[in-house]
Every structure is written in structure tokens, then in C-alpha cells.
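Here is what each chain is made of, one letter per residue.
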Amino acid sequence: MWGSTSNGKCGLGPIVNREECFASVPTRVMVGAEDRRIKKLSCGAMHSAIITEAGQLYLFGCGDGGRLGLGEGRYDTLFTPTPVSSIPGLNGEKIATVSCGNSTTILATEIIREVGASEEDVQKQRHLAGGRVFVAGSRNVLGKQCDSFTQLTEFRSGSNGSESIAAVPIKQVSAGYMHSVLVSAEGELFCFGHNKGGCCGLPTPQLFVEHPTSVRFLYSSPTNIGLGRKAYQSTTFNQRNASFAVNGRIEGNGVNKSSCTQQESQPWLEVDLGRTAVIESVIVWNRTDIPQDKNLPRDHYTSRLFPFWVMIGKDPFQQIANAVSLKENLRSAVCKARFADDKRASTWRCPAQSQGRYVRIQLEGYNSLSIAEIEIYGYWGLTKGVGRVSYATAGRDVTVAVVRPNNDPKDLESFYKRATYSDAMNADILRQLESFTAEYDKFGRGEVLQEAARKKACCICGRGNLQDLCEACILYNSYSQPIAAMPPAVGGRRRRLRSISDFLLLSNKPDLDPIVVPQVKRPSKWEVRKKNFLEMLKVTNLFRVKRTGYVSPKEALSADPAAIMETLKYVDHIDEKKMETLMNDRTGGGSVAGSSLGLGDASLAGVLNSTSGPAAVTERKGKNMKMAEETDDGQSVIPESIGDSVVPLERQQKRHGYGPNEPLKEGDLLPTGHVVKPAFPKSIVQQIEESDEFKEMRKEQRKMLRKANRRDKKGAKVAVTAT
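The paragraphs below set out a description of the structure included in this document. Predicted, not measured: the structure shown is a model, and the values here were computed from it. (Residues numbered from 1 in each chain as written. Predicted model: local features only at pLDDT ≥ 70, side-chain atom pairs only at ≥ 80, totals over all residues. Heavy atoms only, no water.)

What follows is about the pairing of strand E8 (residues 104–109). Extensive coverage of E8 is indicated by the burial of 6 of its 6 residues. Burial along E8 is two-sided: Thr104, Ile106 and Ala108 and Thr105, Leu107 and Thr109, pointing in opposite directions, are all buried. In sequence, strand E7 (residues 95–100) turns back onto E8 through a hairpin of 3 residues. The pairing of E8 with strand E11 (residues 133–137) spans 5 bridges and is antiparallel. Directly across from alanine 108, in E11, lies its bridge partner valine 133. (Buried < 20%, exposed > 50% of the residue type's maximum accessible area, 1.4 Å probe, protein only. Helix = DSSP H or I, 4+ residues; strand = E, 2+ residues; numbered from the N terminus. Pairing = 2+ DSSP bridges.)

As a further point, take the sheet that holds strand E5 (residues 57–61). Strand pairing in a sheet relies on backbone hydrogen bonds. The paired strands run either parallel or antiparallel. If you walk across this open sheet you meet the 4 strands as E3-E4-E5-E6, and the pairing is antiparallel. With one partner strand each, in any of the chains shown, strand E3 (38–43) and strand E6 (78–83) form the two edges of the open sheet. The sheet shows a mean angle of 15° between the axes of neighbouring strands, direction not considered. Sheet topology places E3 next to strand E4 (residues 47–52); 5 bridges connect them, and they run antiparallel. Among the inter-strand pairings, lysine 40 is bridged to a residue of E4, identified as isoleucine 51. (Axes fitted to C-alpha atoms, helices over the stretch in contact; angles between N-to-C directions.)

Turning our eyes to something else, we now look at helix H10 (residues 497–506). For an α-helix the count is 3.6 residues per turn, leaving residues at separations of three or four pointing the same way. Those residues of H10 that sit buried are Ser499, Ile500 and Leu504. With its buried residues spanning 130° around the axis, H10 presents them on a single face. Counted as exposed and oriented over 90 degrees from the buried face of H10: Arg498, Leu505 and Leu506. In this structure, the buried residues of H10 make contact with helix H8 (471–478) and helix H9 (480–485). (Arc of directions from axis to C-beta. Contact = heavy atoms within 4.5 Å.)

What follows deals with the sheet that holds strand E12 (residues 146–151). Here we have 4 strands laid out as an open sheet, ordered E7-E8-E11-E12, and antiparallel in their pairing. A strand with exactly one partner marks an edge of an open sheet, and here the two such strands are E7 and E12. Put simply, the sheet's adjacent strands are angled 15° from each other on average, direction ignored. Of the strand pairs in this sheet, E7 and E8 are connected by 5 bridges, and their pairing is antiparallel. Its bridge partner lying in E8, serine 99 is registered against isoleucine 106.

A word on a positive patch on the surface. Where like charges cluster on the molecular surface, the positive patch consists of Lys695, Arg698, Lys699, Arg702, Lys703, Arg706, Lys707, Arg710 and Arg711. The residue arginine 702 is located in helix H20 (residues 692–722) in this model. (Patch = residues over 30% accessible without salt bridge, like charges linked within 9 Å, V, L, I, M, F, W, Y side chains within 5 Å. Areas by Shrake-Rupley, 256 points an atom, 1.4 Å probe, with all protein chains shown as cover. Salt bridge = Lys/Arg side-chain N within 4 Å of Asp/Glu carboxyl O. Lys, Arg positive; Asp, Glu negative; His and termini not counted. Charge placed at Lys NZ, Arg CZ, Asp CG, Glu CD.)

As C-alpha cells, then:
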């Protein structure tokens with residue numbers, strides 16, 4: 001080792017504590033008394049770590065903050081490589097990797113492949129064991145103080161780290177200045193610590209990440225997105241509905257632990273994920289029971305599942321179970337696969353970027369469909385990320401990750417199509433790489449992809465939903481006419497994205513309709529006060545001014561009694577022949593004389609009773625018109641000369657509204673020729689004086705005057721006494 005030897009970080013011995021030393025040339029360091037061979041070395045800011053070939057850990061340097069993991073309260077400085085005797089929870093596992101940061105130390109154990117047995121020993125499965133992570137260091141980086149090595153058991157996922165997931169095997173660790181990164185065996189990147197400038201791959205508003213959180217935009221390990229989702233099937237046998245196929249139990253020992261349909265033609269089972277997802281693989285677990293009847297073959301139940309089809313679609317499939325519906329479903333599916341071999345678990349690796357919401361299992365022939373479990377592994381959204389991470393390192397507020405190369409031809413074609421459709425300049429860059437030479441010869445600069453996008457077949461978003469359009473489709477849809485009118489590039493090639501943006505920004509814009517904004521004159525102080533005063537009057541309702549020039553019904557009747565009597569007298573002296581002629585022309589009941597003289601439908605008897613009383617009745621001198629008089633039996637006596645044209649007095653009062661019990665209304669025509677109208681308004685001063693507000697104000701003024709007089713009298717008495 002060489003460089004600064006302060007705090008013993010080069011492991012040269014206690015001499016560096018007595019004298020200032022500096023190793024300008026590489027100097028050999030003894031690792032233990034046996035001088036063990038090492039396979040891993042990491043240097044931090046103030047300490048270093050070594051892993052031997054036997055998987056033993058040695059630490060040396062400054063122990064401030066507990067970075068050496070010596071134990072609670074032990075912050076000693078080690079000047080030579082010292083083995084870590086015991087780590088709680090290590091259980092004899094070998095340490096595979098270690099990383100020293102500014103004030104932390106992170107290590108991971110070795111990953112081994114184990115062969116385990118599932119429940120009831122029905123299926124042997126290979127899985128990864130080990131890869132556990134232990135940390136030691138200060139609280140400001142780890143979120144908690146770790147004086148000794150502590151295992152990380154809680155991992156998070158989601159856009160903001162809200163979903164808790166089980167611990168995953170870690171193959172590589174890196175401790176930075178104020179944050180740390182972990183790389184899982186499957187290539188998933190986890191970050192935790194200070195998120196300054198988004199160095200942890202999470203939104204910048206989240207300043208600190210307490211638990212290791214997955215960076216999903218790079219790669220996220222596929223999860224069983226079909227667990228507990230809505231499922232339904234063509235028919236149901238013995239109450240074994242489709243929910244038994246998405247409950248997370250794969251043993252399938254008997255019909256009671258699996259879903260089952262009736263025996264029918266092409267039965268099916270469908271899982272609705274609830275939203276669009278990228279599906280990576282589908283695993284169909286078959287039932288495992290054996291018939292009790294020895295005359296039946298051992299695969300009597302398990303062979304019922306084969307052959308069958310697995311289909312992925314963006315829209316629901318047909319609900320009918322027959323051969324015709326199977327053909328239609330296969331035609332409308334995004335991707336599909338057929339399985340014919342009798343297996344315990346049938347695994348389908350879906351094509352790259354297989355997007356869908358509905359997953360259907362449907363038999364080819366006539367039988368009952370029985371499934372123990374359906375596992376659908378994928379990612380929510382429209383893309384599955386950039387790729388798996390092979391190596392990552394954490395620096396000072398920065399993280400660098402290396403993504404594994406992808407050699408799948410379908411993935412390479414999908415990546416090229418998406419990059420080229422977004423911007424034609426990407427085709428000029430990718431054509432220089434040998435991996436994309438065939439794709440450039442096939443798709444060029446994206447002219448074919450742009451034509452397909454116009455037919456609702458975009459290679460990025462698929463044009464399935466207007467709310468899920470990609471940025472390229474939004475651009476081409478919003479400015480379709482200007483882009484179509486834009487001349488092509490040199491040689492008729494498709495223009496780059498920057499050229500399209502420059503053309504749209506510099507092109508002539510349509511003339512805008514001028515909007516004339518009227519000039520608002522600033523009101524004067526007097527106008528403002530006047531406006532406020534009028535608003536106050538509206539709120540308080542002090543002045544309710546009525547229209548002038550009208551008379552009330554009482555004032556109209558009492559305006560000129562002589563004129564009313566003269567009119568009545570004139571009615572009594574009507575020519576007898578004229579009255580008979582009018583009565584002969586009358587077809588219905590009612591008062592003919594009143595209507596012919598311009599008196600409207602008003603009854604003369606009602607007017608007399610309501611205005612002049614019995615005096616007007618005694619002055620009538622007509623020969624043929626006599627008022628009805630009450631007889632002893634309470635009935636009216638009608639003159640024979642009038643005939644059927646005279647209406648009783650009670651009916652006239654109710655009909656015409658001029659009786660003593662029914663008051664006059666506005667707009668009624670009186671015998672004097674007057675029209676009943678609203679009363680004369682009172683003056684403004686009179687209304688103010690009669691209002692309740694004015695009376696209350698006057699009371700307050702009187703009280704204030706009385707108080708003022710008392711104070712004046714009291715002050716005069718005090719002045720006289722002082723004098």
C-alpha cells in the first residue's frame with residue numbers, strides 16, 4: 001500500500017502514530033501472522049478492509065463513528081490489519097465482498113445455489129442462498145448508529161420506496177461519501193443514504209433514504225402481479241372457482257386445492273390484472289394428486305390440462321367456450337403459446353415488451369380445466385426498464401451503474417425501434433454499433449415506424465389509450481399539419497427532432513384576432529364614496545321608494561263620491577227600449593247594462609254595497625230593473641222583466657270581486673273611470689324617520705346627549721369646588 005499513513009489506514013504499524021509518515025512507493029503489508037493471501041481490498045477515507053481467500057475479514061484505520069464495527073462504544077484506531085472475530089448473525093458464512101466509505105463499512109456474504117424442496121416434496125427448485133448485507137458506521141449515513149456489524153433485512157420498492165419487499169441476495173456493494181449502493185444477483189440496483197441531487201435514483205424532494213430502495217427505471221425484479229387479482233372461468237365444479245388459481249398456493253394436491261370447471265368443450269380461465277403491465281413470464285402449476293382407483297393411470301388428473309393455450313391480450317377475450325371462440329381469441333391475442341407436454345410447472349417466457357391486461361388459459365379439446373396456481377411475473381407500466389445492472393459504484397453525491405449487454409434479437413429490435421421513432425438522429429448513432437446493423441438496414445431512420453404510428457401501431461405506447469400516449473405521439477398529433485407541410489431533409493430522409501423543433505419555432509404563426517381592452521377610468525374620491533353609500537343603502541334597505549303618480553284603492557273610491565253617484569243616477573235613467581234590445585242580444589248570464597256602459601264585468605249592486613251602501617239603492621228609479629230583495633224564506637226575488645240575465649248578488653260578489661268581503665285589486669276599472677293603482681309614496685325624509693334604524697339611531701343620540709350633559713354638570717361642580 002502507498003499514500004498517506006495517517007490514522008493507520010495503510011496498516012504499517014504503530015510507528016505512524018509517533019512520527020508523521022508517508023508511503024511514496026508501494027509497501028508490503030502483513031495480513032495476520034501467517035501473511036494470508038487476499039482476494040478483496042477496499043480503501044476508505046480513514047480506514048481500509050481486506051478479505052482473505054478463506055473469507056475472513058480484516059480491518060484497520062480510524063474507528064471514529066463505529067466504522068470498524070468493533071462493538072458498542074469502541075472507537076479505537078487499529079494500526080495493523082486486525083481480524084473481525086465475530087459478526088452477529090453471520091453463522092459461519094464466508095464474506096464475498098466489502099466496501100469502505102467515508103464513515104461506513106458494508107460487506108456481503110457469499111451467494112450459493114441450493115436445491116430445496118417445496119411443500120410435500122412435489123417439486124425440487126433451485127434458489128439462491130446467502131448474499132446477506134451487514135453494515136457498520138455512523139448514523140448520519142445509515143439512518144441509525146451501528147457500532148457493530150448489523151444485517152440489513154428490510155428492502156423497499158416503488159417510486160418513493162413505499163412498498164416493502166423481502167431481502168434479496170446481494171452480489172456487490174459500494175459505500176460512498178454519504179450514500180451507498182447494492183447490486184442484487186438478478187441485476188437490481190438498491191440505494192440508501194443522503195439523496196442529494198437525486199444520487200440515489202429517487203425524486204429529489206426525498207432528501208434521505210433510510211432503507212435500501214430499488215431504482216426501478218433501470219431494472220426491477222419481476223413480481224407475481226397476478227396474485228390475488230380478479231379471476232373467472234367458463235364454469236365452476238363443486239364451488240372450486242377461479243380464485244383458487246391466484247391464491248399463491250402451488251401444491252395442488254387434490255381438487256380441493258385447485259380451481260376446476262365442468263367437463264365441456266374448450267373450457268377457459270382468465271385473470272384480469274386491473275391495468276396494463278409488461279408481462280415477462282407466465283407459470284402454470286398443474287395439480288399433483290393421483291387417482292385412488294388403481295385401474296386408472298397415474299396421470300389421469302394431471303393429463304387433463306394438456307394441450308392448452310396461454311394468451312395475453314389488452315382487451316377482454318370472448319366469454320363463450322367453443323372452438324370458434326378459441327380461434328377468435330388466438331387471433332386477437334397480443335402473444336400466445338401452446339403447451340402439450342404433461343409437466344408439473346409449465347413456464348412461458350413471453351416475447352420482449354409483451355404488454356397486456358388479460359391472461360387466459362384455454363384447453364384445445366373437451367375436458368375439465370383444473371389449475372393449481374397461475375403465476376404472472378411482470379412490471380406495472382408500459383416498459384420494463386433499461387436493463388440489468390452488472391456493476392455499480394457510489395461516489396460523492398453521484399452513482400455510476402453499468403448495465404449488462406442484451407443479446408436478445410427481439411429486445412435489440414425493440415430498443416432500436418423506440419430510439420429511432422423518438423429521434424431520427426439516434427439511428428445515425430446506433431448504426432455505428434455492430435449489434436444494430438441489421439436493424440438499421442430493416443427500419444432505416446424510422447420512416448416505416450412513423451407510418452405505422454399513424455395507423456395506431458406506435459412501438460412505444462401502442463396507441464392503446466389516449467391518456468398513455470408517449471411524447472413522440474403527442475408531438476406528431478399536436479402538430480400534424482405543420483410537420484406534414486415541412487420539406488424532407490437532404491436525400492428525402494426523415495428529419496431529426498431538433499430540426500422539427502426549429503421549424504415549428506421559426507415558422508410563420510397565424511394572425512391573432514386583436515382584442516380591444518377598454519380603458520378603465522380611475523374613479524374619483526367622490527364617485528367612490530357615492531358608490532359605497534349606494535351599496536350601503538342596498539344592504540340596509542332604508543329607502544324603499546315606490547313609483548309616484550298612483551292612487552290606492554281607498555283613495556280612488558274616496559276621491560270623488562259625487563262622480564260615483566252621478567254615474568249611478570245616469571245608469572238608472574237608461575232608455576227602456578235600449579235596455580230591452582241589449583237584454584235580447586245577451587246570450588249568457590250576467591249584468592248587461594254594466595258591460596254596455598263601459599263598466600266592465602263589475603256588478604252595480606256590488607259597487608253600491610261596497611261604496612255608497614243602502615243610500616244608493618233607494619235612489620234607483622228604473623222601471624224594469626229592481627234590486628233583489630230577501631223574502632221570508634231566504635230566497636231572492638228576481639224581476640220578471642229582467643229574465644235569466646240577472647245573476648244573484650252572492651254570485652256577482654264572488655265573480656267580480658267587488659263585494660264587501662273581497663277588496664279591490666290593482667288594475668280594476670271603477671265606475672268613475674278610475675283605475676286602481678298603487679298608493680302615493682311617502683317622501684324620503686318621512687320614510688327615514690319612520691324606519692327602525694333611524695329610531696334606534698335617535699335613541700343612541702339622545703343617550704349620548706344625556707351623558708354629555710351629566711359630564712358637563714359634574715365638571716362645572718368640580719370647577720366651582722376647586723375655585
